[in-house]
Amino acid sequence: MSIDEKVTKDLVKTLENGREGFEKASKMLAETNESELATKFAGYARDRARMSSELTALAGAYGDDADEDSTPAGAVHRGWMAVKDALSGHDAKGVLKASLQGEDHAVTEYEKASNEELSPGLRTIVARQMDDVTKVRDEVRRLQESHSG
């Protein structure tokens, strides 16, 4: 397996984990009358799906197969969100905390990918997507801080 293929698979899994997590968070937030946050998180989920598709298409163009199954760590994170949900009664602060944890993980995965010897085309996409993921992580952090007051 080439480095590009491995990185692409890892990032697609990270993005799919994020998409699933944001979808779940959006539904939880909608149930708590946090419609603005729910809408924002639904948008994050759509962005992650778009980013995943972009990487999958690039991998396909190179003849690679980017498996889109979510990772065990992602399943654990989603499971943690379910536990947090049960404990918090769909509390926005709890959802934001869980989401921030997931976004910290996503940024770390992109940082690892950016340190690999990637082809120029993949490097460009990884750099752009890393900027997007970092911006979302920072926004989730600000939202968490504004809800903890």
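For every chain, the first residue of the written sequence is number 1, and numbering continues from 1 onward in sequence order. Whole-chain, interface and lining totals are the exception, using all residues; otherwise, since this is a predicted model, local features are given only for residues with pLDDT of at least 70 and side-chain atom pairs are given and counted only at 80 or more. To get the side-chain values, all heavy atoms of the structure are used, and hydrogens and water are removed first.

Trainee: Explain the side chain of Glu-16 to me, please; I cannot follow it from the model alone.
Mentor: Counting through the fold element by element, Glu-16 comes out in helix H1 (residues 3-31). In the analysis that follows, any N or O atom pair within 3.5 Å is treated as a polar contact, provided that within protein one partner can donate a hydrogen and the other can accept it, and provided that, for residues neighboring in sequence, both atoms belong to side chains. Separated by 2.8 Å, the side chains of Glu-16 and Arg-19 make a polar contact. Side-chain polar atoms of Glu-16 contact the side chain of Ser-52, separated by 2.8 Å. Going along the chain from the N terminus, every DSSP run of H or I of four or more residues is numbered as a helix, and every run of E of two or more is numbered as a strand.

Trainee: Which parts of the structure should I look at to understand the packing of aromatic side chains?
Mentor: Aromatic ring pairs are reported here in terms of the distance separating the ring centres and the angle at which the planes meet. Stacked, tilted and edge-to-face are the three classes assigned to paired rings of Phe, Tyr and Trp, where Trp is represented by its six-membered ring and a pair needs centres within 6.5 Å; plane angles under 30 degrees give stacked, over 60 edge-to-face, the rest tilted. Evaluated as defined, the whole model comprises three aromatic pairs. Among the aromatic side chains, those forming a connected cluster through ring pairs are Phe-22, Phe-41 and Tyr-44.

Trainee: Teacher, can you tell me more about the side chain of Arg-19 here?
Mentor: Tracing the backbone shows Arg-19 in helix H1. We call two residues in contact whenever any of their non-hydrogen atoms come within 4.5 Å of each other. Beyond its immediate chain neighbours, meaning those up to four positions away, Arg-19 contacts Ala-45, Arg-48 and Ala-49.

Trainee: Honestly, unusual backbone geometry in this entry has me stumped. Any pointers?
Mentor: Peptide bonds are mostly trans, and most non-glycine residues show a negative phi. Although it is not a glycine, Asn-33 adopts a positive phi angle of roughly 65°. On the accessibility criterion, Asn-33 (71% relative accessible area) is exposed. Exposed residues in this analysis have more than 50% of their type's maximum accessible area, buried residues have under 20%, and partly exposed residues fall in between, with area computed by a 1.4 Å probe over protein chains only.

Trainee: Is there a simple way to explain the confidence of the model for the protein in this structure?
Mentor: Low-pLDDT stretches of the model should not have their predicted coordinates read in fine detail. Chain-level pLDDT for the protein is 84 on average; 80% of the residues reach the 70-or-more range. Values of pLDDT, ranging from 0 to 100, describe the predictor's confidence in every residue of the model. When the elements of the protein are averaged for pLDDT, helix H3 (residues 72-88) gives the smallest value, 50, and helix H5 (residues 120-147) the largest, 95.

Trainee: Which parts of the structure should I look at to understand the packing of helix H4 (residues 92-114) against H5?
Mentor: Axis definition: a line fitted to C-alpha atoms, limited for helices to the stretch in contact. Angles are taken between N-to-C directions and run from 0 to 180 degrees. Two numbers describe how H4 lies on H5: the axes approach to 9 Å, and their chain directions differ by 155°. As the angle between them shows, H4 and H5 are arranged roughly antiparallel. The handedness of the crossing between H4 and H5 comes out as left-handed. Orientation is classified from the angle alone, with under 35 degrees giving roughly parallel, over 145 giving roughly antiparallel, 65 to 115 giving roughly perpendicular, and any other angle giving oblique. In this scheme the crossing of two helices becomes right-handed for a clockwise turn of the near helix relative to the far one and left-handed for an anticlockwise turn of less than a right angle.

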